[in-house]
Amino acid sequence: MKRVLMGLAAIAAMTCIPQTASAQDAADLTLVHGIPGTTVDLTVDGTVVIDAFVPGSLANISSFAGQTLQNVTVTDDATGDVVIGPVSSLVVPDSGSHSIVAHLDDEGTPVLSTFENNTEPTATGDARLTLRHTAEAPAVDLIVADQRPIVGATNGQSAELELPDGSLTDAQIAPTGA
């Protein structure tokens, strides 16, 4: 149980920031490395485009916006073993804000998941919290104080809330129902 909760805390993306800018027309693309314990290289059509990408890191991949990438492979930096792929063709969004997360599915298989980031403004004094379940774990609930505003989020799902600006000091992620 402790391993599951630590993995969720380390890998699930949670942000709570005020959203005051309008939605973007240009592409804002971020690659998130969420595969624990494995430094990887990202190769596109035989060329390494991200070398020695460590778990928990982010990379701006906006330069690939609107392209169709061929033969995308994620390999273990130390051994060269294939972790994900090869993906024969990967269409990269040409506009908007997106996070592409390399993570383990609920059975431990490395996968890529794309999430569209909500950049719409929130009401004055509010912030948006986004929970993305990208851990090798069963469904989870977000607990804030004594409430469960997000229930049953499964691997690969995203959910969001609008809350008053500020820090959450009483938030927890727990297996659904626990």
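In this text the structure is predicted, and so the values were computed from the model without any measurement.

The rules behind each value
Residues numbered from 1 in each chain as written. Predicted model: local features only at pLDDT ≥ 70, side-chain atom pairs only at ≥ 80, totals over all residues. Heavy atoms only, no water. Helix = DSSP H or I, 4+ residues; strand = E, 2+ residues; numbered from the N terminus. Buried < 20%, exposed > 50% of the residue type's maximum accessible area, 1.4 Å probe, protein only. Contact = heavy atoms within 4.5 Å. Areas by Shrake-Rupley, 256 points an atom, 1.4 Å probe, with all protein chains shown as cover. Pairing = 2+ DSSP bridges. Axes fitted to C-alpha atoms, helices over the stretch in contact; angles between N-to-C directions. Polar contact = N/O pair within 3.5 Å; in protein donor to acceptor, adjacent residues only side chain to side chain. Salt bridge = Lys/Arg side-chain N within 4 Å of Asp/Glu carboxyl O.

K.L.:
Explain the overall build of the protein residue by residue, including any values.
P.N.:
Looking only at helices and strands, the protein features one helix and 14 strands. Looking at the protein as a whole, 38% of its 178 residues are labelled buried. Of the contacts formed within the protein by residues at least 6 apart in sequence, a portion of 63% connects residues at least 24 apart. As displayed, the protein offers around 9400 Å² of accessible surface, 51% of which is attributable to carbon and sulfur atoms.

K.L.:
Quick one: what's the story with the sheet that holds strand E6 (residues 68-76), residue by residue and with numbers?
P.N.:
Read across the open sheet, the four strands follow the order E4-E3-E6-E7; overall the sheet is antiparallel. Taken across any chain shown, the strands that pair with only one partner, and hence form the sheet edges, are strand E4 (47-53) and strand E7 (82-91). Neighbouring strand axes in the sheet, compared pairwise and without regard to direction, differ in orientation by 15 degrees on average. Here strand E3 (residues 40-44) pairs with E4 via four bridges, running antiparallel. Its bridge partner lying in E4, Val-40 is registered against Phe-53.

K.L.:
Provide a residue-level description of the side chain of Asn-117, including the pertinent values.
P.N.:
Of note, Asn-117 is situated in the loop between strand E9 (110-116) and strand E10 (126-132). Overall, Asn-117 belongs to the buried group, its relative accessible area being 18%. Looking at Asn-117, its side chain comes within polar contact range of the side chain of Arg-132, at 2.9 Å. Sequence-distant contacts of Asn-117, that is, excluding residues within four places in its chain, are made with Ser-97, His-98, Ser-99 and Arg-132.

K.L.:
I'd like a rundown of the pairing of strand E2 (residues 27-34), residues and numbers included.
P.N.:
Note: E2 against strand E8 (residues 96-104), eight bridges, orientation parallel. Each bridged residue has a counterpart across the sheet, and for His-33 the counterpart in E8 is Ala-102. By the bridge criterion, three bridges tie E2 to strand E5 (residues 58-60) in an arrangement that is antiparallel. Among the inter-strand pairings, Val-32 is bridged to a residue of E5, identified as Leu-58.

K.L.:
Go over unusual backbone geometry, please, and point to the residues and values.
P.N.:
Following Gly-85, the chain continues into Pro-86 via a peptide bond in cis, with omega recorded as 0 degrees. Relative to the elements of secondary structure, Pro-86 occurs in strand E7. A positive phi is found at Asp-45, a non-glycine position, where the angle reads about 50 degrees. Take Asp-45: it is sitting in the loop between E3 and E4.

K.L.:
Lay out the environment of Pro-149 in plain terms, naming residues and giving numbers.
P.N.:
Secondary-structure assignment places Pro-149 in strand E12 (residues 147-153). Considered as a pair, Pro-149 and Leu-161 are twelve residues apart in the sequence and their alpha carbons are 7.8 Å apart. For Pro-149, the contacting residues outside a window of four places in its chain are Leu-142, Val-144 and Leu-161.

K.L.:
I'd like a rundown of the pattern of salt bridges, residues and numbers included.
P.N.:
Following the criterion strictly, the structure yields three salt bridges and no others. Here Arg-128 and Glu-160 are joined by a salt bridge, their closest N and O atoms 3.5 Å apart. Here Glu-160 lies in strand E13 (residues 158-164) and Arg-128 lies in strand E10, a separation of 32 residues in the sequence. The class for Glu-160 is partly exposed, based on a relative accessible area of 38%. One salt bridge connects Arg-128 with Glu-162, and the closest N-O pair in it is separated by 3.3 Å. Of the two residues, Arg-128 sits in strand E10 while Glu-162 sits in strand E13, which places them 34 residues apart along the sequence. Here the salt bridges share partners, and the residues they tie into one network are Arg-128, Glu-160 and Glu-162.

Function cannot be read off these values alone, since they describe shape.
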